[in-house]
Amino acid sequence: MRSLHFRGWSWRTLWILPFLFLWNNVEGQIRYTIPEELKEGSVVGNIAKDLGLNVADITNRDLRITSESGNHYFTVDLTKGELVVNDRIDREELCGQSGSCLLPLQVVVENPLQLHGIEIDIQDINDNAPEFHTKESVLKIAESITPGKRFLLEKATDPDVGSNSLHSYTLSNNDYFRLNVKALKDGVKVPELIVEKALDRENKSSHRLVLTALDGGTPPKSGTTLVMVTVQDNNDNEPKFDLTSYKATVQENAEIGHVVIRIRATDLDEGVNGEIEYAFHTHTSDSITKIFGINSDTGEISVISALDYEGATSYAFDVIARDKGTPELEGNSAVHIDVLDENDNAPEIILKSMPRPVKENAPIGTVVALINVKDLDSGDNGKVDLAVSPGFPFALKPSLDKHYSLVTDALLDRELTPEYNVEIIASDFGTPSLKTSKNIKVEVLDVNDNPPVFSQASYNVFLKENNPAGSSLFSITATDKDQDKNAKLMYSIADSKFQDIPASSYFYINAENGTIYSMNSFDYEKLKLFKITIQATDLGSPPLSSNATVHVFILDQNDNVPSVIYPAAVGSVSHQRMPRSAKAGHLVTKVTAVDADSGHNAWVSYNLVEATDSSLFAVNLYTGEVRTKRSVSEQDDASQRLLIEIKDNGEPVQSTTVTVDILIEDGLHEPISDFRQKAAERDKKNSKITFYLILSLASVSVLSLVTFFILLIRCAKNSHGSGSCCIRRDSDGYKNPNRNLQIQLNTDGPIKYVEVLGGDMMSQSQSFGSYLSPMSEFSDLTLVKPSSTLDFKDTLRGLDASLPDSAWTFECQQQKPPNNDWRLPPNQRPGPSGAGPLPEGAGVVAGTGPWPNPPTEAEQLQALMAGANAVSEATATMGPRYNAQYVPDYRQNVYIPGSTATLTANPQQPPQQALPPPQAMPPTDAPKAAQTPASKKKSTKKDKK
C-alpha cells in the first residue's frame, strides 16, 4: 500500500486522508483507489514505475491514456511518469447508485506497440445531501380515521452510496402522528406516517409536519420536506388494490402505447364515494412519468416514450387509487417493471491506436494496431465475435477484455502488395445477429530484399578500331523491384585485367545511368576482344548486387599498309638478275607482301604500274610472281625497272610500291661453274660428314622404331577387349608421338639443307636441321639447334592445318579422309603454289626456270621464313569462313628462291610443279629452260637414286 498526499485541499482533506491510494496487479492489470472530486493535477500514482518503464523512454514511446467513454479524466506527466487527475471526477455521474465504481483505462505504449490495462476504483465521499422530490406535500385524512392508520410519505434520495447514503428519517414533534421507516427488499427506506391519536377536524383542521432525511456521513447531511395534513369529514371506505405490489416486463423495443400492466382497486362505498381514479404517487420522479403513463379510469400502465435497456434496466414506482367521496380516500400499491434487452445495438469497433506501417520482413506476430470492441446490449446480445476478413495476412490476438491486437499472420511482400486495406468484422450473438465492419489501412514498408536484375546475362558490343577515346559504347541498365533508395542503382566495372592492365584503364562506366565509355583508342591488331564484368549495386542496407558480362569486340579497319617482305630492297630499289637466254614464263622473282589487317582488309593483290618494257614482264595478280611474257631478245635493254603496286582489299584501299631493277646478263653460268669447282674440291671432305650423318639418322630411326613397338604393346594391353587402339593428338594439336619419320634433303641451289623430323614435330630433342653452304671456305657440317617450339609453333600450326590428319597420326584403324570441301582448286590459288590467271598479254607460260643469279644465304632464309609466316597468317585470318572464290591459298607449298624444288609439308607427296603449263598451251611451243648447275645436279641425283 502506498499513501498519496495532495496540496490545496479544502476542509474535506481531513476526513479524506484515511483513503489510501492503493494499486495492485490483478490478472495483469493495475488498480488505483482514489476518492472522487479530487483536485485537478492531483497525483494518482507513478504509472511508469508500476509498468516497469523507464521514465526517459516514455516520451519517445509516446505513452498515452485512453478510455472507452472517451472522457479524459486522467493524463500522464511525461517528465515524471505520474498519472494525474485531468478533470473533475463525480462518482455519482459515472456510476450512479452502483456499490462499486471502477473506471477502466488503457495505457498505450508505442515502439514497440504495447497495451496495458489499469483500473481506477473511485471511492464515494459525502458530497450529496438527501433530497426530497417535492418541498411541500398535502395529505388529506378523514377525521373518522382510526388511530394506527398508516400513510405513505415521500421518500428522499441521496446519490451517495454506502455509509454516505440515506440513513434515517425524523419527524417534527406533534401530538397526533408518529413516524415509521419501512425497509423494502432492495434496501430502500420508505417513511410512513402513523395516526397515533384520533383527529378532530373541528378542533384542528390541519397539521404542519416537517419530515427530515439524514445520511450516514460524517458529519451527516440532511434534507427536509413539509407535509400539510388536512383533516376531512368522513368517507368510510378507501380503495384497496388487489395486490400490494405489481411486477411486469416489457420489451426494449416496445412500441409507444403498448400496455405493460393493468392495476385494479375496489371501493366498498357506493355512488361517488365508490368511484375510483388511478394515478402515480405524488413523489414519482419525472424520469418515470416521461416513460410510462397511467389511465386514470382503467388503471392501464402503458409506454409513452421509447425504452432503452442500456439507459435503465428496470423501473419501480408507486401508484394510488383515489375515490371521489368527501373526504377522498385513497389506497396505494408498488409497481416494478423490468425492461427486457433486445439486440438493437450493433457492435462498435474502436481503434485504440492508429495502425503503424510494418516492414515487409517483419516476423509473424508483429503488432500493427490495437483494437477494442464493445456492444451496449447484454447477455448473448452483448457478446461479440471479432475476425479479420479472409484474404488478408493478418490475425487478431486477444489481449485484455474485449481488446485485441492486430498482428501479422504471414510473411509480407511489398513488391506484391504495397498496402492492405484490412477489413475487421464484428458480429454479436443476438437474434438476428448484428454486424459491423471497419477498414484499417496498413502500409507495408520496403526492405532491400531484391537484387538488381539485368535484362540479359551478357551483352555483345562491336567497336571499330581507332575509335576516339571517350566515345560512348553502350548503355546497360538493370531494374530493382524495391523502392526508394533500395531501388537506386550504381554501376561499376568489376576488377578484371587485360594483359596485366585493369579493365578500368580501358573503359569507364557512368555510375548513375550505366553508359560505358572507352578510355583509349583500340588497335585490332593488338587486342581483339575485351570481356568486362559490369556490377549493379543498390543503395540498400545491406546493399545487393548483380553482375552482367559485356563482350566488346574490336572490329578491324583497314589501317595498315601492306608490308613487302621479299625482295628486300636496298634503299628503295630491289636488284635482281636474269639471263638473256630466259624464255617466256621465266620466273624472274617473286614479290611477297603481308598485311597486318585481317579478313578482306588483308587480301593482297599485285599490279605492274610502270615498266621499262611492259611487253616483257608480267606480275601475277595474287602470287606476286614476276615472269617473262616473251623470250628475251638481243634488242631488250640490259637494265629493266619495274614499279609494282601492292594493294589490299580494304576500304579505303591501302597500297604500297616496290621498285625492282632487273639486270639482263649474258654468261650468267660462269660464277656457278666456279662454285661447282669449289664444291668439287670439298666433296672428299663432305663424304665423311655424310657418312656420319647417315649413321646418326639410322640410329634415330632405330630408336623411334623401338619406341613405336613399346607404345603399341602398351596400347594393346590398356585397350584389351575394346577393339580399338588409337593415339590421337591432344588439345594442343602437335604433341603426337606417332607421326611418320620425315627426312627432307635438298641439295639443289646454293644452300644444302637436310631436316630430320622424328616423332613429334614440336619435340626439340627429335628435330634437327643442318646446313651445308657451298660458299664456305670449308665444307663443315653444322648441326643447328633443335627448332624452337615457341618460335615455329604458329608456322607448324599453319602447315598442319593444310594437311590431312592421316599424314601426321598413326592409328590402328584407318581414319576417314577429312572434309576438303573448303579447299580451293589449284587454278584459283593465288599463293606461292597457285597458278592464278595471268594478266592479259602474259603470253605462254613454261615450266619453272633456274635462278639466273643465286641469292645469298640470308635472302633465301628470309624468303623461306616469309613464306612460312604468310602460310600461318593466311591460315589464321582467311580460313574456311570466307568465300573460297576470292581467298588466296598460301597453305600448300613454299618456294625457295634460286631452286626448282618446292618445300612441302608432307614428304609423302611428290614434289609439285609450281606452275604447270596450262592445257591450252601446246607442249611443243614451250621452250625448254636452260639447265643450271643446280638443276643438273638434281637430275644426276635422281638418276643415281
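Computed from a predicted model, the values in this text were never measured in an experiment.

1. Digging into unusual backbone geometry
The omega angle of the peptide bond from T431 to P432 is -5°, so this bond is cis rather than trans. Secondary-structure assignment places P432 in the loop between β31 (419–428) and β32 (435–445). The step from S541 to P542 runs through a cis peptide bond, and the omega angle for that step is -5°. Checked against the element boundaries, P542 lands in the loop between β42 (529–538) and β43 (545–555).

2. Regarding the state of the cysteines
Counted under the stated rule, the structure contains one disulfide. Between the sulfur atoms of C95 and its disulfide partner C101 the distance amounts to 1.9 Å. Taking the sign of the S-S torsion, 65° for the link of C95 and C101, the bridge is right-handed. For C95, a relative accessible area of 22% gives the class partly exposed.

3. Some points on the environment of P104
In this fold, P104 is placed in strand β7 (residues 102–109). Its relative accessible area of 34% is what places P104 among the partly exposed residues. Between the alpha carbons of P104 and E68 there is a distance of 7.6 Å; along the sequence they are 36 residues apart. Beyond its immediate stretch of four places on either side in the chain, P104 contacts S67 and I118.

4. Side note on the side chain of D267
Mapped onto the elements of the fold, D267 is located in the loop between β19 (265–266) and β20 (276–280). Buried D267, no salt bridge; nearest opposite-charge side chain is K240, N-O distance 9.3 Å. Within polar-contact distance, the side chain of D267 engages the backbone nitrogen of D269 at 2.9 Å. Not counting residues within four places of it along the chain, the set of residues in contact with D267 comprises N237, E238, P239, N273, G274, I276 and D323.

5. Brief notes about the nonpolar core
One finds I263, F292, I301, F317, V319 and I337 to be the most contacted residues of the largest nonpolar core, which totals 28 residues. Only β17 (245–251), β18 (259–262), β20, β21 (292–294), β22 (300–303), β23 (314–323) and β24 (330–340) provide two or more residues apiece to this core. Broken down by element, this core gets its largest block of residues, four residues, from β23. Setting aside anything within four residues of it in sequence, one finds I337 in contact with A248, V250, V260, F292, I301, S314, Y315 and F317. If you look at the next biggest cluster of nonpolar residues, it comprises 27 residues, including L463, L489, I516 and V550.

6. Some words on the sheet that holds strand β14 (residues 206–215)
Strands sit in the order β9-β15-β14-β11 across an open sheet of four strands; the sheet is mixed. Unpaired on one side and paired on the other, β9 (136–142) and β11 (166–171) mark the two borders of the sheet. The sheet shows a mean angle of 25° between the axes of neighbouring strands, taken without regard to direction. Summarising the sheet, β9 and strand β15 (residues 222–232) pair through seven bridges and their orientation is parallel. Pairing of A142 across the sheet is with Q232, part of β15.

7. Quick word on the packing of aromatic side chains
Counted by the stated rule, this structure contains 17 aromatic pairs. Here the aromatic cluster, defined as three or more aromatic residues joined through ring pairs, consists of F280, F292, Y315 and F317. Its guanidinium or amino end placed over the ring of Y176, K197 lies 5.3 Å from that ring's centre, counting from NZ or CZ. Directly above the aromatic system of Y524 lies the positively charged group of K528, at a separation of 4.8 Å from the ring centroid.

8. Here we look at the pattern of salt bridges
Summed over the entire model, instances satisfying the criterion amount to 24 salt bridges. Put simply, D446 and R414 hold a salt bridge, and the shortest N to O gap is 3.1 Å. You can see D446 sitting in the loop between β32 and β33 (453–454) and its partner R414 sitting in the loop between β30 (403–408) and β31, a full 32 residues away along the chain. For the residue pair D446 and R414, the accessibility class agrees, reading buried in each case. For E665, the salt bridge is made with R577, and the minimal N-O distance between the two is 3.7 Å. Of this pair, E665 sits in strand β52 (residues 655–665) while R577 sits in strand β45 (residues 573–579), and the two are 88 residues apart along the sequence. Looking at R577, the relative accessible area reads 28%, which means it is partly exposed. Among the ionic contacts, a cluster of salt bridges with common partners joins D62, R64, E110 and R356.

9. Thoughts on a nonpolar patch on the surface
Nonpolar side chains collect at one region of the surface, where F691, Y692 and L695 lie side by side and expose about 360 Å² of accessible area between them. Within the secondary structure, Y692 sits in helix α7 (residues 683–718).

10. Notes on the sheet that holds strand β50 (residues 625–628)
Pairing in this open sheet of three strands is antiparallel, and the strands run β46-β50-β49 from one edge to the other. Strands at the two margins of the open sheet, each flanked by one partner only, are β46 (587–590) and β49 (617–619). Averaged over all adjacent pairs, the angle separating strand axes in this sheet is 20°, with direction ignored. Looking at chain direction, β46 and β50 are connected through three bridges and run antiparallel. Bridged to L587 within β50 is R627.

11. Overview of the confidence of the model for the protein chain
Mean pLDDT for the protein chain: 75, with 70% of residues reaching 70 or above. Long-range and interchain partners of residues 1–27, a stretch whose pLDDT sits below 50, account for 49 contacts in this model, where long-range means more than four residues apart. Overall, residues 722–864 carries pLDDT values under 50, and its contacts beyond four positions in sequence, including any with other chains, amount to 310 contacts.

12. Side note on the pairing of β43
When strand β34 (residues 458–464) meets β43, the two strands line up parallel, connected through seven bridges. Across the sheet, Y459 pairs through a bridge with V550, a residue of β43. The sheet contact formed by β42 and β43 spans nine bridges and is antiparallel. Note that in β43 the partner of T537 across the bridge is S545. Hairpin geometry of β42 and β43 is characterised by an intervening segment of six residues between the two adjacent antiparallel strands.

The rules we used
Residues numbered from 1 in each chain as written. Predicted model: local features only at pLDDT ≥ 70, side-chain atom pairs only at ≥ 80, totals over all residues. Heavy atoms only, no water. Helix = DSSP H or I, 4+ residues; strand = E, 2+ residues; numbered from the N terminus. Disulfide = S-S within 2.5 Å. Buried < 20%, exposed > 50% of the residue type's maximum accessible area, 1.4 Å probe, protein only. Contact = heavy atoms within 4.5 Å. Lys, Arg positive; Asp, Glu negative; His and termini not counted. Salt bridge = Lys/Arg side-chain N within 4 Å of Asp/Glu carboxyl O. Polar contact = N/O pair within 3.5 Å; in protein donor to acceptor, adjacent residues only side chain to side chain. Core = buried A, V, L, I, M, F, W, Y, C linked by side-chain atoms within 4.5 Å. Pairing = 2+ DSSP bridges. Axes fitted to C-alpha atoms, helices over the stretch in contact; angles between N-to-C directions. Phe/Tyr/Trp six-rings, centres within 6.5 Å; stacked < 30°, edge-to-face > 60°. Lys NZ or Arg CZ within 6 Å of the ring centre and 35° of its normal. Patch = residues over 30% accessible without salt bridge, like charges linked within 9 Å, V, L, I, M, F, W, Y side chains within 5 Å. Areas by Shrake-Rupley, 256 points an atom, 1.4 Å probe, with all protein chains shown as cover. pLDDT = per-residue confidence, 0-100.

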